[in-house]
Amino acid sequence: SKHEGMSNVILEALSKGTIIICRDIKENREFLSNKKFVIYINKFDKKINYDMLKKKILLIIKKNKWNSLSNQAKSYSSNYSIVKRVIKIEKEFSSI
């Protein structure tokens, strides 16, 4: 899509250690903070350049970075666990 909030699909994929391929939109950039485990697609491209995606994915594999990036993705997703969010909210309310 060209506009969206924090994508639950992206968050779920991160939790499984998946390299993310998504549109280069403000919301995705804010959420993913330009991490190395993300491949962005130009939001204005009407047709996806699959050759470009294939080259980027093969480069990740060739440089033997897939496992490292997968672990980074899993680690990043843990920042958004429901337990951590509840603890943070409880701390905020307990100080009131």
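Owing to the predicted nature of the structure, the values given are computational and were not obtained by experimental measurement.

## Observations concerning the layout of surface pockets
Part 1 of the argument: Of the volumes computed, that of the largest pocket is approximately 230 Å³.
Part 2 of the argument: Forming the boundary of the largest pocket are Lys36, Val38, Ile39, Lys56, Leu59, Ile60, Lys63, Lys65, Ser68, Leu69 and Gln72.
Part 3 of the argument: Elements supplying a minimum of two residues to the lining of the largest pocket: strand E2 (38-42), helix H3 (50-62) and helix H4 (66-77).
Part 4 of the argument: Here the residues of the lining of the largest pocket are counted per class, giving 5 nonpolar, 2 polar and 4 charged.

## Things to note about the pairing of E2
Part 1 of the argument: By the criterion of burial, E2 is predominantly enclosed, with 4 of the 5 residues buried.
Part 2 of the argument: Two strands pair when backbone bridges link them, and strand E1 (residues 20-24) and E2 are joined in this way by 5 bridges, in the parallel orientation. Paired with Arg23 across the strands is Ile41, a residue of E2.

## Here's the deal with the pattern of salt bridges
Part 1 of the argument: For the coordinates displayed, the defined rule picks out 2 salt bridges.
Part 2 of the argument: For the salt bridge of Asp24 with Arg29, the shortest nitrogen-to-oxygen distance reads 2.7 Å.
Part 3 of the argument: A relative accessible area of 29% means that Asp24 is categorised as partly exposed.
Part 4 of the argument: The partner of Lys26 in a salt bridge is Glu30, with the nearest N and O atoms 4.0 Å apart. With a gap of 4 residues between them, Lys26 and Glu30 both fall in helix H2 (residues 26-32), about one helical turn apart. One exposure class covers both Lys26 and Glu30, and it is exposed.

## As for a nonpolar patch on the surface
Part 1 of the argument: Together, Ile82, Val83, Val86 and Ile87 make up a nonpolar patch on the protein surface, roughly 360 Å² of accessible area in all.
Part 2 of the argument: For Ile87, the position within the fold is in helix H5 (residues 82-94).

## Examining the packing of helix H1 (residues 8-15) against H4
Part 1 of the argument: At a minimum axis distance of 7 Å, the contact between H1 and H4 shows a crossing angle of 125 degrees. With respect to H4, the axis of H1 lies oblique. Our pair here, H1 against H4, has a crossing hand that is left-handed. Touching Leu11, Leu14 and Ser15 of H1 are Ala73, Lys74, Tyr76 and Ser77, all from H4.
Part 2 of the argument: Across the contact of H1 with H4, the residue classes break down as 4 nonpolar, 2 polar and 1 charged.

Calculation rules
- Residues numbered from 1 in each chain as written.
- Predicted model: local features only at pLDDT ≥ 70, side-chain atom pairs only at ≥ 80, totals over all residues.
- Heavy atoms only, no water.
- 1 Å grid on protein atoms, 1.4 Å probe; cavity = no way out; pocket = protein on both sides within 12 Å on 5 of 7 lines; lining within 4 Å.
- Points joined across faces, edges and corners; volume = space filled by probe spheres on them.
- Helix = DSSP H or I, 4+ residues; strand = E, 2+ residues; numbered from the N terminus.
- Nonpolar A, V, L, I, M, F, W, Y, C, P; charged D, E, K, R; others polar.
- Buried < 20%, exposed > 50% of the residue type's maximum accessible area, 1.4 Å probe, protein only.
- Pairing = 2+ DSSP bridges.
- Salt bridge = Lys/Arg side-chain N within 4 Å of Asp/Glu carboxyl O.
- Patch = residues over 30% accessible without salt bridge, like charges linked within 9 Å, V, L, I, M, F, W, Y side chains within 5 Å.
- Areas by Shrake-Rupley, 256 points an atom, 1.4 Å probe, with all protein chains shown as cover.
- Axes fitted to C-alpha atoms, helices over the stretch in contact; angles between N-to-C directions.
- Parallel < 35°, antiparallel > 145°, perpendicular 65-115°, else oblique.
- Left-handed = near helix turned anticlockwise from the far one by under 90°.
- Contact = heavy atoms within 4.5 Å.

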